[in-house]
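Topology and contacts: notes
Residue strings, one per chain:
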Amino acid sequence: MSDHIIIRVQSPEGMKKISSAKRETAAAFLKKVAKEFGFSSNGFSVYLNRNKTGEIFSQNKTLSVLKIKHGDMLFLFPSASPSTSSEVMDVASPHSSSSLPSTSSSSSSSSLPRCFSASLNPEDDIDQFLSKQEGKIFRDRDPQLCRHGPMGKCVHCVPLEPFDEDYLNHLDPPVKHMSFHAYIRKLTGGADKGKFVALENISCKIKSGCEGHPPWPEGICTKCQPSAITLNRQKYRHVDNIMFENHTIADRFLDFWRKTGNQRMGYLYGRYTEHKDIPLGIRAEVAAIYEPPQIGSQNSLELIEDPKAAAVDEVAGKLGLRKVGWIFTDLLSEDTRIGTVRYSRHKDSYFLSAEECITAGFFQNQQSNLCRLSPDGHFGSKFVTVVATGGPDNQVHFEGYQVSNQCMALVRDECLLPCRDAPELGYAKESSTEQYVPDVFYKDKDKFGNDITHLARPLPVEYLIIDITTTFPKDPQFTFSSSLRFPIENREALGETQDFHSLATYLSQCSSTAFLDMVSDFHLLIFLVTNEVMPLRDSIGLLLDAVKTSNEELAQTWKKSEQWATIEQLCSTVGGQLSASQDYGAPGPSIPQSSSAMWSCLHCTFMNQPGTEHCEMCSLPRS
């Protein structure tokens with residue numbers, strides 16, 4: 001019998017075959033592995049199992065003694081701290097993502113190699129928690145069908161798997177998409193326990209390094225040509241529920257539209273928790289909304305580059321929060337007398353436009369989901385999209401969505417375009433001399449029930465979106481406990497500014513409030529960190545810890561610092577210059593005294609342009 005054997009070694013870079021012999025020592029075999037993958041002798045570890053058990057050490061025992069046979073699969077994991085430059089030559093340095101959507105920047109950033117991201121960046125806490133859960137759906141004993149004792153089990157009461165579609169379809173309401181971790185359990189179940197499972201990210205680009213022909217457009221071959229894509233409705237979703245902690249968060253966001261009639265966009269900051277209504281489900285809990293610089297009108301939104309984006313993310317991170325999604329309004333008044341809005345997004349029009357799907361895909365590519373089963377170290381995204389729009393009852397409804405992983409790939413590789421005259425349709429680009437675009441198809445049924453394949457030019461966007469339930473809790477929760485309202489950032493169009501005048505007004509209203517409750521406001525904390533007069537970015541850590549843990553003693557300790565004394569001195573200096581019209585805490589609209597400022601209608605609260613005597617929305621007089 002031949003002594004020659006081939007061992008397969010799988011790593012985050014991919015799988016390679018190593019030629020060896022039964023009598024070869026483990027030390028000699030590991031040297032071959034190091035040479036093949038470009039590592040030093042101590043830059044990696046090799047295991048018999050995917051779960052990092054059965055490590056193979058550099059020793060004089062032969063492969064046959066270690067019970068490694070021909071065709072076996074071993075698993076290589078890079079060390080957490082590479083020691084030589086050869087180990088890190090393929091590692092991409094972290095890149096800062098701009099808050100301004102740019103398709104080209106998204107494409108370049110997503111193409112950076114992430115061979116070691118699976119080992120250097122652990123999965124999110126919620127993913128690690130759910131991966132350790134059993135996830136079984138337990139059922140009680142059926143008194144009519146079960147014929148066994150109380151300690152027995154039968155087909156009518158045995159626990160179900162978390163991906164059982166019949167169980168999900170019979171929930172109230174039915175669940176169309178299983179959770180992502182239930183999908184992983186489905187892949188890793190069975191006899192092989194998912195030994196060969198790898199969640200591959202879709203690529204729409206030509207593979208580089210093919211030397212058998214000239215580069216595109218002069219040549220292409222089956223080795224470097226990306227595969228055609230057939231769009232399928234995704235069976236799973238990365239987030240199963242979106243929950244705003246309380247109604248105040250949404251109401252303050254909607255105030256901008258109520259007062260101006262212009263659309264508004266914001267980033268959702270919160271955390272991911274377990275959603276117990278769905279097996280192994282994930283919930284995105286929203287604790288605050290940050291509104292970046294933008295230009296809005298009644299039917300459009302344009303984002304402006306935000307110089308404070310990094311500081312906002314840093315403050316949120318120290319508060320135990322992260323960017324979990326984005327929200328935008330699409331509202332048009334139906335009857336201003338009774339406060340109804342137009343019901344414009346439904347099955348006969350669209351739920352998300354193609355342009356909105358592309359924007360959502362851009363954001364999801366920026367906030368990719370770390371995953372241990374992906375060779376790239378990331379797969380999909382938990383970033384959500386929320387639309388504030390009119391519902392069937394002509395009231396404001398919040399609808400949650402994500403776009404599929406296929407849509408993310410098309411957006412990342414610049415293959416998807418919106419249609420100018422039909423918002424519900426997208427368009428797959430055609431290949432050009434600058435870019436090769438693979439064919440994109442989708443399937444539909446004709447009037448006889450037969451499957452028909454169509455070229456995605458154009459493309460119905462319902463193949464790209466996944467709906468997510470959006471809820472508010474019965475018992476409101478408050479990460480930020482302040483009952484007063486500090487002005488929201490970037491609302492100069494309303495006459496609301498974040499400066500020391502508004503801070504002095506806010507503090508004067510909080511004279512009888514505990515210090516921790518007074519500073520427990522997300523927008524106030526952002527102002528303290530980002531203001532140009534007295535930025536506290538390097539000295540506010542203790543206060544953020546106090547807000548995060550609701551610790552009044554820590555807050556009082558920080559209150560005695562020199563930085564807060566300086567803030568109070570600045571507020572007392574500008575306090576005497578405040579006028580009664582600058583009271584942000586007073587209920588109801590205020591009328592600017594100057595004729596050169598915008599004024600709020602007393603009847604419908606619409607913000608009108610200066611110099612007008614009648615409201616542009618309800619046509620009633622100014623006074």
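Note that the structure is predicted; figures quoted are calculated from it, not measured.

**Quick look at the side chain of Glu-356**
- Checked against the element boundaries, Glu-356 lands in helix H9 (residues 354–366).
- Glu-356 sits in the buried class, given a relative accessible area of 15%.
- Of note is the side chain of Glu-356, whose polar atom sits 3.0 Å from the backbone nitrogen of Ser-353.
- Apart from residues lying up to four places away in sequence, Glu-356 is in contact with Trp-326, Phe-328 and Arg-345.

**Quick look at the confidence of the model for the chain**
- Here the chain averages 84 in pLDDT, while 88% of its residues score no lower than 70.
- In the model, residues 81–120 has pLDDT below 50 throughout and makes 64 contacts with residues more than four positions away in sequence or in other chains.
- Residue range residues 576–595 is modelled with pLDDT below 50. Its contacts to residues more than four positions away, or to other chains, number 31 contacts.

**Notes on the packing of helix H8 (residues 309–318) against helix H13 (residues 522–530)**
- H13 packs onto H8 with a crossing angle of 125 degrees between their chain directions and a minimal axis gap of 10 Å. As summarised for this structure, H8 and H13 are arranged oblique, according to the angle between their axes. In the crossing of H8 with H13, the sense of the turn from one axis to the other is right-handed. On the side of H8, the interface is formed by Ala-311, Val-312, Val-315 and Ala-316, while H13 contributes Phe-522, Ile-526, Val-529 and Thr-530.
- Among the residues making up the contact of H8 with H13, the classes are represented as 7 nonpolar, 1 polar and no charged.

**Quick look at the packing of helix H11 (residues 500–509) against H13**
- Packing of H11 against H13 leaves a shortest axis separation of 12 Å and a crossing angle of 135 degrees. Between H11 and H13, the interaxial angle falls into the category oblique. The chirality of how H11 crosses H13 is left-handed. Touching Phe-500, Leu-503 and Tyr-506 of H11 are Leu-524, Phe-527 and Leu-528, all from H13.
- In terms of residue class, the contact of H11 with H13 is made up of 6 nonpolar, no polar and no charged.

**With respect to the nonpolar core**
- Formed by 78 residues in total, the largest nonpolar core has its most connected members in Leu-231, Leu-319, Phe-480, Leu-503, Phe-522 and Ile-540.
- With residues up to four places along the chain from it excluded, the contact list for Ile-540 reads Leu-525, Leu-528, Val-529 and Trp-558.
- The next biggest cluster of nonpolar side chains, apart from the first, holds 26 residues, and it includes Ile-249, Leu-268, Tyr-272 and Phe-398.

**Remarks on the pairing of strand S19 (residues 396–403)**
- Where strand S18 (residues 384–390) and S19 come together, 6 bridges link them in antiparallel fashion. Each residue of the ladder has a partner; that of Gly-390, found in S19, is Val-396.
- Between S18 and S19, which follow one another and run antiparallel, lie 5 residues, and Asn-394 among them has a positive phi close to 60 degrees.
- With 4 bridges joining them, S19 and strand S25 (residues 465–471) adopt antiparallel strand pairing. Among the inter-strand pairings, Tyr-401 is bridged to a residue of S25, identified as Asp-467.

**Looking at the pairing of S18**
- Along S18, 7 of the 7 residues are buried, which leaves the element largely enclosed by surrounding structure.
- Pairing of strand S13 (residues 322–330) with S18, which is carried by 6 bridges, proceeds in the parallel orientation. Bridge pairing in S18 links Asp-330 to Thr-389.

**Some points on the sheet that holds strand S21 (residues 425–428)**
- Strand order in the open sheet made by the 3 strands is S20-S21-S24, with antiparallel pairing throughout. The open sheet terminates on both sides in strands that have one partner only, identified here as strand S20 (416–418) and strand S24 (459–460).
- H9 rests against S20 and S21 of the sheet, and its axis sits at about 140 degrees to S20.

The rules behind the values
- Residues numbered from 1 in each chain as written.
- Predicted model: local features only at pLDDT ≥ 70, side-chain atom pairs only at ≥ 80, totals over all residues.
- Heavy atoms only, no water.
- Helix = DSSP H or I, 4+ residues; strand = E, 2+ residues; numbered from the N terminus.
- Buried < 20%, exposed > 50% of the residue type's maximum accessible area, 1.4 Å probe, protein only.
- Polar contact = N/O pair within 3.5 Å; in protein donor to acceptor, adjacent residues only side chain to side chain.
- Contact = heavy atoms within 4.5 Å.
- pLDDT = per-residue confidence, 0-100.
- Axes fitted to C-alpha atoms, helices over the stretch in contact; angles between N-to-C directions.
- Parallel < 35°, antiparallel > 145°, perpendicular 65-115°, else oblique.
- Left-handed = near helix turned anticlockwise from the far one by under 90°.
- Nonpolar A, V, L, I, M, F, W, Y, C, P; charged D, E, K, R; others polar.
- Core = buried A, V, L, I, M, F, W, Y, C linked by side-chain atoms within 4.5 Å.
- Pairing = 2+ DSSP bridges.

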